[in-house]
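# Structural overview for review
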Amino acid sequence: MSATLITCHSILELNARHPEAQRALLDAQVMHRLVMKGFPGWVEDGARDARAQMGVLHTSNVDLKNQRLTVVVQSSVPPDWSHLGKNQLAAEPQIMKVDQSVAIGQRFRFHTVVNPARMSSRHLPRSEREKPQPERKRLSDTTAEHARQWFAERLQPLGEAAISERGVRRIGADADPTRLVVRILPKLSNLDKKPGMRVGRAQVRGELTITDPHVFVNTIVGGLGHAKAYGCGLILVKRID
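Residues numbered from 1 in each chain as written. Predicted model: local features only at pLDDT ≥ 70, side-chain atom pairs only at ≥ 80, totals over all residues. Heavy atoms only, no water.

### Section: the confidence of the model for the protein
Detail in the predicted coordinates should be disregarded across regions flagged by low pLDDT. Note the following rule: A residue's pLDDT is the predictor's confidence in that residue, given on a scale from 0 to 100. We call two residues contacting when some pair of their heavy atoms lies within 4.5 Å.
With 88% of its residues at a pLDDT of at least 70, the protein reaches an overall mean of 90. Here residues 131-140 is a poorly scored stretch, pLDDT under 50, and it has 18 contacts once near neighbours within four places are set aside; other chains count.

Following this line, the structure appears as C-alpha cells:
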C-alpha cells in the first residue's frame, strides 16, 4: 500500500531587523498575516477557513546572532511572494514542489513544532465533567515530558487504527518515543487583539517509520494538532535512504 504526497514548500529568509519581521516576531497574528499575503485571490476575501482551504501551514525560526528570520510555508496552491520588498528579504524566496510516493516501512527524519494542548474540562466526557473536581489541563503547565507523551499518543503502530480508543487521531507512522528530541519553545502572543493569549509550543525531532501511508499523507497535508494559523502543526520530513 502506498500514497502520494504532493504539496508546495516555500523558504523565506527575512531580515530580522526589518520592522515587519520584528512585528511578526512579537505578534503571532502579524506572522499569520505575513504568510497569508502570499496567496492572494485563491479564496474569497474574509473567508474564515481560507488557511485550511489552501492547505497553508508554516513554521519559523529566528537567528538572533545573524538577524535572520526563516519562515517555511507549505501550501496546496502556488504562492506569490512579490509583496515582500527587497529590504525585507535576506535572500530570494525558494519555492519547491514536493511529489513523493510514501509506502509502508519507509523511514523519515522529521521536525515539527506542535501545540501540545491538554484537554480542558469542557472537552471531557460528560461523566468526567460532572465529577466534583473535573480534570483541568493548562498549556502553561507544558513540559518536555508532557509534549513527548502528547506526540507519542499520536503515533500509529503497524496494524493499529487511525483513531485511538480515546478518539485521538494518529499520524500513520510509528517511532520510539524515548528517542524523540523535545524542546519547549517560547510561547507566542497576540499583543494587539488578544493581549492575554499565550500559545504553548514544543519542537519535536526524530525518526518515523510509515505504517499507514494514506493517514501519514493526510497528516502532512492537513497538519498536526491545534494553533496551525500560528505556526504549529507543520511536519517537515526527509526520507532516510
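### Details of the packing of aromatic side chains
Selection rule: Aromatic pairing here means that ring centres of Phe, Tyr or Trp (its six-membered ring) are within 6.5 Å. Orientation follows from the plane angle: under 30 degrees is stacked, over 60 is edge-to-face, and everything else is tilted. Here a strand is any run of E in DSSP of at least two residues, a helix any run of H or I of at least four, and the numbering for each starts at the N terminus. Categorising residues by exposure relies on relative accessible area from a 1.4 Å probe, with only protein chains included: less than 20% of the type maximum marks a residue as buried, more than 50% marks it as exposed, and the intermediate range marks it as partly exposed. Placement of a positive charge over a ring is assigned whenever Lys NZ or Arg CZ falls within 6 Å of the ring centre and within 35 degrees of the normal to the ring plane.
One pass over the structure, following the stated rule, counts 3 aromatic pairs. Between F110 and F151, the aromatic rings sit 5.2 Å apart at their centres with planes inclined by 5°, giving stacked as the arrangement. One end of the pair, F110, is in strand β5 (residues 107-114); the other, F151, is in helix α5 (residues 144-152), with 41 residues separating them in the sequence. Of the residues examined, F110 reaches a relative accessible area of 4% and is grouped as buried. Lying over the aromatic face of W150, R154 brings its terminal NZ or CZ to 3.9 Å of the ring centre.

### Overview of the layout of surface pockets
Rules: Grid points spaced at 1 Å and placed over the protein atoms alone form the basis of the search, with a cavity being a set where a 1.4 Å probe fits but cannot get out and a pocket an open set showing protein on both sides within 12 Å along at least five of seven lines. Lining residues have an atom within 4 Å of a point. Grid points are joined across faces, edges and corners, and a volume is the space filled by probe spheres set on the points. For this scheme, ten residues count as nonpolar: Ala, Val, Leu, Ile, Met, Phe, Trp, Tyr, Cys and Pro. Four count as charged, namely Asp, Glu, Lys and Arg, and the remainder, Gly too, count as polar.
A volume near 640 Å³ is recorded for the second largest pocket. In terms of lining, the second largest pocket is formed by 27 residues, of which the most central are S60, N61, V62, L185 and R201. Where the lining of the second largest pocket is concerned, the elements lending two or more residues are α1 (19-26), α2 (28-36), β2 (57-63), β3 (68-75), β5, β7 (181-190) and β8 (194-210). If you tally residues by element for the lining of the second largest pocket, the top one is β7, at 6 residues. For the lining of the second largest pocket, the residue count by class is 14 nonpolar, 9 polar and 4 charged.

### Quick word on the environment of I220
Within the secondary structure, I220 is located in helix α6 (residues 213-222). Each C-alpha atom, one on I220 and one on V237, is 8.9 Å from the other, the two residues being 17 residues apart in sequence. Apart from the residues within four sequence positions on either side, I220 is in contact with L5, L57, Q74, I235 and V237.

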